[in-house]
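# Residue-level structure breakdown
Chain residues, written in single-letter form:
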Amino acid sequence: MENKIHLAIIGGGAAGLMAAVTAAKLCKQTKKIAVFEGISRVGKKLLATGNGRCNLTNTRVGMNHYHGDERYIETILRTYPPQRIIQYFKDLGLICREETEGRVYPYSLQASSVLDILRLNAEELMVKILCNCPIKNIRAADGVFYLQNAEQQVFIADRVILATGGKTALPLDSPDNGHALAEKLGHKVTPLYPALTILKTQPEDVKSLSGIRSRVSAVLKCNDKAIRYEKGEIQFTEQGLSGICMFQFARNVAFGIEKRKKMEVILDFMREYTASELVNRLDCAARRFPHLPAFEILNGFINKKVGEFIVKKAVPRAKNILTAELTKIEIMEIANMVKRFSFSCIGVADWKYAQITAGGVALAQLNKSLESRIHKGLYFAGEMLNIDGDCGGYNLHWAWISGITAGKAAAKSLCQKDKARISAT
Ligand SMILES: Cc1cc2nc3c(=O)[nH]c(=O)nc-3n(C[C@H](O)[C@H](O)[C@H](O)COP(=O)(O)OP(=O)(O)OC[C@H]3O[C@@H](n4cnc5c(N)ncnc54)[C@H](O)[C@@H]3O)c2cc1C
């Protein structure tokens, strides 16, 4: 390939491919557009999304589902609501369907359909895709960008979109240097934390429950102050607490632990019942089954193992007595613990378990088109920015809309350059 390019997109993931297709559509094949992908194929992570089904957006998209530098993306979010993204995909040839909680998937329920559609469009629009071509260095000089790959080949680009993703679920051969490239170009990168991942607790707190699932409502407390609420299914693991509602807490837990704050999750295993209703029901159970070992009193209420675990924590002597021997106060202790079981968090699981990176390139140094205020002609998109979304399609939504924004702006500025040249002659 000739080494002079109009638009170079570094990273062939969701954001990079969307940026390439958008720019190529606007430029109507008059510009050389190339995607540089560090590994052997584009869109590898995309295939793993949504358990292979790709939850590509959510009809409930709003500012409240984004974190980090979210105050800078209000305009982009407003410009590209989910319906526009669903239509955008329809125009590219992909039909979508909405499932529970506003989650949108490809109609085929196969993540590969999303990748196929992006690749087919890129091919039709003559976007050059260079795999196994990790960019190791970028230098801005004389109004252009010099990109150097691992084999010391140099490419010269008029415009560059950096879309190298985050640190999560990286393939072994992934370059993982996108943030370093941004820093070298003078951009601030905020600390990176694994997010949407398992919350780690003391192993002895959860080990005996490993593998068990329960429906709960949950409160996250930071230094004893409630900061976030969720409800849904949790899963106990060897490391701690998993499940979507625990994933949503992970970014706060990671930040809090880093700042040495006390982070605690309080679970309510019977959210439809008040503590006093529960006391009455436990009283009835104790009267109905007086000869039952006391630690089994929650049988018929919640998961048996979870129930026994809770009773033994609330009333240690329950191991050796019968339900008839439980005192009124002990019954109240059990009811309170069902409603307010506390787990102290010691951190979050490491990068290989995380779905998303919290932290990244700071948006304060970019304009509304995601163009660098330091180097004109340099744009950013996707997970590498300091934006992370909740679980439910919000992160891919950000990848698409940031890719479209950067791709559109880069293409427009290339076309304006032509117009300026024509009018100057
Ligand atoms: C298991 C899992 C499931 C997920 N499920 C969902 C879901 O259902 N819905 C949702 O909204 N989000 C989901 N996410 C999050 C979503 O996948 C990401 O937010 C999204 O892929 C980010 O897109 P991106 O293009 O910014 O980064 P990526 O998809 O990570 O793409 C970046 C690309 O850049 C390449 N690259 C990096 N550095 C270089 C370099 N120097 N030179 C060349 N190439 C380079 C990488 O190899 C990679 O291909 C999931 C994540 C994981 C890990």
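### As for the site of the ligand
Around the ligand, a shell composed of 33 residues is seen, among which E37, G50, N177, E383 and L396 lie nearest. Within the backbone of G50, a nitrogen or oxygen atom sits 2.8 Å from an oxygen atom of the ligand. At 3.4 Å from an oxygen atom of the ligand is found a main-chain nitrogen or oxygen belonging to G393. Coverage of the ligand by the protein amounts to 92% of the 1,000 Å² it exposes when considered alone. Going through the elements one at a time, α1 (14–27), α2 (44–48) and α13 (394–424) are the ones with two or more residues in the shell around the ligand. No other element matches α13, which puts 4 residues into the shell around the ligand. Of the residues in the shell around the ligand, the class split is 15 nonpolar, 15 polar and 3 charged.

### Some remarks on the packing of aromatic side chains
Any two aromatic rings considered together are summarised by their centre-to-centre distance and by the angle between their planes. All told, the structure shown has 8 aromatic pairs when counted by the stated rule. An angle of 80° between the planes, with centres 4.9 Å apart, marks the rings of F89 and W400 as edge-to-face. Taken together, the residues F89 in helix α4 (residues 82–92) and W400 in helix α13 connect sequence positions 311 residues apart. In this pair, the class of F89 matches that of W400, namely buried.

### Quick notes on the environment of A335
With respect to the helices and strands, the residue A335 is situated in helix α12 (residues 328–339). By relative accessible area, A335 is classed as buried at 0%. Linking A335 and V279, residues 56 residues apart in sequence, is a C-alpha distance of 5.8 Å. Sequence-distant contacts of A335, defined by excluding residues within four places in its chain, comprise A275, L278, V279 and L282.

What counts and what doesn't
Residues numbered from 1 in each chain as written. Predicted model: local features only at pLDDT ≥ 70, side-chain atom pairs only at ≥ 80, totals over all residues. Heavy atoms only, no water. Near = heavy atom within 4 Å. Polar contact = N/O pair within 3.5 Å; in protein donor to acceptor, adjacent residues only side chain to side chain. Areas by Shrake-Rupley, 256 points an atom, 1.4 Å probe, with all protein chains shown as cover. Helix = DSSP H or I, 4+ residues; strand = E, 2+ residues; numbered from the N terminus. Nonpolar A, V, L, I, M, F, W, Y, C, P; charged D, E, K, R; others polar. Phe/Tyr/Trp six-rings, centres within 6.5 Å; stacked < 30°, edge-to-face > 60°. Buried < 20%, exposed > 50% of the residue type's maximum accessible area, 1.4 Å probe, protein only. Contact = heavy atoms within 4.5 Å.

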